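Read off the chains here:
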Amino acid sequence: MKAITSIDMLEAAAYALVSARCRASYIHDIRGGLQALYGGVELLTRAAKSPDNSGLADKAAGLAKSALAKHEKSLVDLVDQLTPRPESAAPVNAGGLFVDILQFIRNDVANKAITFRLDAARDIVVLAEAHKIRLLLLGLSITLTDGLAAGTVVDVKVRRSNHYALIQYASVVPCPVIPTLEEIRGSTDPVSSARELLLSLTQSWAAANGGRLEVSVDATGANAVRLYYPALAA
């Protein structure tokens, strides 16, 4: 049996925090996936009341089977997103991933009257653990909205910077602090926010894969969080 390390516990905490924050979004996705299945069942019900309409029955059965297969796949993917597991690195389209993440949390940010303005190149691909990179970027996206006033715009850019994929968040929140994982492990004080934990884990993960995480602040008080991660050749 593999020994449980402090990093394992911090990652498990991050999964729990992100899952709790995004609970409403996960439920919304599950219900959305069921809508197509409900439609197929409704057609089957109508076909059963019209035994002479075999074409409708075949169409309804096909829709129901397709919807059930898609929903099963989405539930398996949901479990993979919520529970950490070992996985191999695979090509991930960084821009496409952000489109999916911002679509996933759209209701959450809309309820806060916060706008994400995405400017993403769609041809930037990185080699990464698909569910881990999604967790970290989802966690950063949702926790970086904490404390923002209604009407705030968060600019997100996905660009190529030399041989790196550059992912940048820019908003008006004060420049966040990024404690190292060693500082978190060695401290008797609790981590001050979920944002700090996600920033620390992202910094450690990026560094382990040849990248880095940086923060900066300008004279207006706006800050930028920049993730540099090695990109695959175009």
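As a reminder, the structure under discussion sits directly above these lines.
Residues numbered from 1 in each chain as written. Predicted model: local features only at pLDDT ≥ 70, side-chain atom pairs only at ≥ 80, totals over all residues. Heavy atoms only, no water.

Caption draft 1: Summary view of the layout of surface pockets. The volume enclosed by the largest pocket comes to roughly 580 Å³. Asp29, Ser74, Asp77, Gln81 and Arg134 are the residues nearest the centre of the largest pocket, which is lined by 22 residues in total. At the level of secondary structure, the elements contributing two or more residues to the lining of the largest pocket comprise α2 (23-49), α3 (54-82), α4 (94-104) and α6 (130-143). Of all the elements, α3 adds the most residues to the lining of the largest pocket, at nine residues. Per-class residue counts for the lining of the largest pocket are nine nonpolar, six polar and seven charged. Of the volumes computed, that of the second largest pocket is approximately 290 Å³. Those elements that provide at least two residues to the lining of the second largest pocket are α1 (6-21) and α6. By residue number, the principal contributor to the lining of the second largest pocket is α1, which donates four residues. Residue composition of the lining of the second largest pocket, by class: four nonpolar, two polar and eight charged. (1 Å grid on protein atoms, 1.4 Å probe; cavity = no way out; pocket = protein on both sides within 12 Å on 5 of 7 lines; lining within 4 Å. Points joined across faces, edges and corners; volume = space filled by probe spheres on them. Helix = DSSP H or I, 4+ residues; strand = E, 2+ residues; numbered from the N terminus. Nonpolar A, V, L, I, M, F, W, Y, C, P; charged D, E, K, R; others polar.)

Caption draft 2: Expanded view of the sheet that holds strand β5 (residues 164-171). In space, the five strands of this open sheet follow the order β2-β4-β5-β7-β6, with mixed pairing throughout. At either margin of the open sheet sits one strand with a lone partner, and together these are β2 (115-120) and β6 (212-217). For this sheet, the mean inter-axis angle between neighbouring strands, taken without regard to orientation, is 15°. One ladder, built from eight bridges, connects β5 with strand β7 (residues 223-230); its direction is antiparallel. Residue pairing in the sheet places Ala165 in a bridge with Tyr229 of β7. Across the face of the sheet, helix α8 (residues 194-208) comes into contact with β6 and β7 while running at roughly 30° to β7. (Pairing = 2+ DSSP bridges. Axes fitted to C-alpha atoms, helices over the stretch in contact; angles between N-to-C directions. Contact = heavy atoms within 4.5 Å.)

Caption draft 3: Examining the side chain of Arg195 more closely. Relative to the helices and strands, Arg195 is located in helix α8. For the buried residue Arg195, which engages in no salt bridge, the nearest side chain bearing the opposite charge is Asp146, 5.0 Å off. Among the polar contacts made by the side chain of Arg195, one reaches the main-chain carbonyl oxygen of Asp146 at a distance of 2.8 Å. (Buried < 20%, exposed > 50% of the residue type's maximum accessible area, 1.4 Å probe, protein only. Lys, Arg positive; Asp, Glu negative; His and termini not counted. Salt bridge = Lys/Arg side-chain N within 4 Å of Asp/Glu carboxyl O. Polar contact = N/O pair within 3.5 Å; in protein donor to acceptor, adjacent residues only side chain to side chain.)

Caption draft 4: Structural context of the side chain of Asp108. Summarising the element assignment, Asp108 is placed in helix α5 (residues 106-111). For Asp108, a relative accessible area of 17% puts it in the buried group. Contacts of Asp108, omitting those with residues within four sequence positions, involve Arg21, Ser25 and Ile142.

Caption draft 5: Structural detail: the pattern of salt bridges. Taken as a whole, this structure holds five salt bridges when the rule is applied. A salt bridge links Asp155 to Arg117; the nearest nitrogen and oxygen atoms lie 2.6 Å apart. Here Asp155, found in strand β4 (residues 153-161), pairs with Arg117, found in strand β2; they are 38 residues apart in sequence, far enough to count as distant. Since its relative accessible area comes to 48%, Arg117 is described here as partly exposed. Where Arg159 meets Asp119, a salt bridge forms, and the shortest distance between an N and an O atom there is 2.6 Å. Taken together, the residues Arg159 in strand β4 and Asp119 in strand β2 connect sequence positions 40 residues apart.

Caption draft 6: Representation of the packing of aromatic side chains within the structure. For the structure on display, the rule yields four aromatic pairs. Judged by centre distance (5.8 Å) and plane angle (65°), the ring pair of Phe98 and Tyr169 falls under edge-to-face. Taken together, the positions of Phe98 in helix α4 and Tyr169 in strand β5 put the pair 71 residues apart, joining distant regions of the chain. Owing to a relative accessible area of 0%, Phe98 belongs among the buried residues under this scheme. Both rings, one in Tyr164 and one in Tyr228, keep their centres 6.0 Å apart while their planes meet at 80°; by these two values the pair is edge-to-face. Taken as a pair, Tyr164 in strand β5 and Tyr228 in strand β7 lie far apart in primary sequence, 64 residues in all. Tyr228 gets classed as buried once you look at its relative accessible area, which sits at 11%. (Phe/Tyr/Trp six-rings, centres within 6.5 Å; stacked < 30°, edge-to-face > 60°.)

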